[in-house]
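# Architecture and fold: a report
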Amino acid sequence: MKKLSLYIFLFLMWCNVGVAEKISFSDIKIGDKISKYFNSQQISKYYVNADPSPSGEKLFGKDLKYSFIAMTSEDKIFVGDYAFYQIYYENNSKKIVSISGTDISPDIDSCLKKRSEKVSEYKSKNRITSLFNKHESEDTYPDGVKTYNVGFYGPRKIFAFSCYVYPDDSVEYSFTIYENEYNSFIYKKMNK
């Protein structure tokens, strides 16, 4: 009887591990608590002790207003989509204030196609509505990086879909959602 109980226990443990669900990155919502998606062990494991801003001020940390966690596709936390993920949260409330996903694209055309598909996906999920103002831009920076951006600015948050072309011709797709208050805080700190 003890052996049978042991086998049942081991089988149930295997089933629990075998069917653990991955998170769909597109389902994470700004304003939800980080604990809705990650347990405390995961938060500790993926916590990032970030470098200071260009002015030398530290912007992220457990003793500051905001913290963030980061992971890669190799961590097998999320269902597909991106190679790199970041989730920013307010330390006091544990409320998610921004999410970001980044992926490598083979060329600019592929990146722009993915950007259009992701915009359509978020519109079809009714996450981007008529309350948002659309803004498109193409910019070239002094370091040679070219950006192709589509942003949707709403009353409480911003959706940004971007393609970056670097001087070495590598191309990166990036998707970010920001809470407006968080975005203003970071913008002020980074532009001191």
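Here, every reference points to the structure presented above.
Scoring rules and cut-offs
Residues numbered from 1 in each chain as written. Predicted model: local features only at pLDDT ≥ 70, side-chain atom pairs only at ≥ 80, totals over all residues. Heavy atoms only, no water. Helix = DSSP H or I, 4+ residues; strand = E, 2+ residues; numbered from the N terminus. Buried < 20%, exposed > 50% of the residue type's maximum accessible area, 1.4 Å probe, protein only. Contact = heavy atoms within 4.5 Å. Areas by Shrake-Rupley, 256 points an atom, 1.4 Å probe, with all protein chains shown as cover. Salt bridge = Lys/Arg side-chain N within 4 Å of Asp/Glu carboxyl O. Pairing = 2+ DSSP bridges. Disulfide = S-S within 2.5 Å. Phe/Tyr/Trp six-rings, centres within 6.5 Å; stacked < 30°, edge-to-face > 60°. Lys NZ or Arg CZ within 6 Å of the ring centre and 35° of its normal.

Let us look at the overall build of the protein chain. Of regular secondary structure, the protein chain possesses four helices and seven strands. Helices (α) and strands (β) of the protein chain occur, in sequence order from the N terminus, as α-α-β-β-β-α-β-β-β-β-α. Within the protein chain, the fraction of its 192 residues that count as buried is 40%. Once local pairs closer than 6 in sequence are excluded, the contacts in the protein chain between residues at least 24 apart make up 50%. In the form shown here, the protein chain has an accessible surface area of approximately 11900 Å², with 54% of it arising from carbon and sulfur atoms.

Per the counting criterion, the structure on display carries nine salt bridges. A salt bridge links Asp-32 to Lys-36; the nearest nitrogen and oxygen atoms lie 3.3 Å apart. Under the relative-accessibility criterion, Asp-32 is labelled buried at 18%. Classification of Lys-36 by relative accessible area gives exposed; the value is 58%. When the shortest N-O distance is used, the salt bridge between Lys-118 and Glu-121 registers 3.2 Å. Taken together, the residues span about one helical turn, with Lys-118 and Glu-121 both in helix α3 (residues 108-124) at a distance of three residues. Bridged by salt links that share partners, the residues Asp-27, Lys-118, Glu-121 and Lys-125 form one connected network.

This part is about the pairing of strand β6 (residues 157-165). Strand residues, when the strand is regular, have side chains that alternate between the two faces of the sheet. Buried residues dominate β6, accounting for eight of its nine residues. Examined bridge by bridge, strand β5 (residues 146-153) and β6 share eight bridges and lie antiparallel to one another. Bridge pairing in β6 places Phe-152 opposite Phe-159. Where β5 hands over to β6, the hairpin turn is made up of three residues, counted between the paired strands. Sheet topology places β6 next to strand β7 (residues 171-179); nine bridges connect them, and they run antiparallel. When the sheet's bridge partners are listed, Val-165 is paired in β7 with Val-171.

Scanning the entire structure with this criterion turns up one disulfide. For Cys-111, the disulfide goes to Cys-163, at an S-S distance of 2.2 Å. With the S-S dihedral at roughly -105°, the linkage between Cys-111 and Cys-163 falls on the left-handed side. Residue Cys-111 is found in helix α3, and its partner Cys-163 is found in strand β6; the two are separated by 52 residues along the sequence. Here Cys-111 matches Cys-163 in class, with each residue buried.

Tallying each qualifying case throughout the model produces 20 aromatic pairs. Taking the centre distance of 5.2 Å and the plane angle of 80° together, the rings of Phe-60 and Phe-68 count as edge-to-face. For the residue pair Phe-60 and Phe-68, the accessibility class agrees, reading buried in each case. These aromatic residues form a ring-pair network of at least three members: Phe-25, Phe-38, Phe-78, Tyr-82, Tyr-85 and Tyr-173. The lysine or arginine in question, Lys-65, covers the ring of Phe-185, its NZ or CZ lying 5.7 Å from the ring centre.

Spatial relationships are all this shows, so hold off on functional conclusions.
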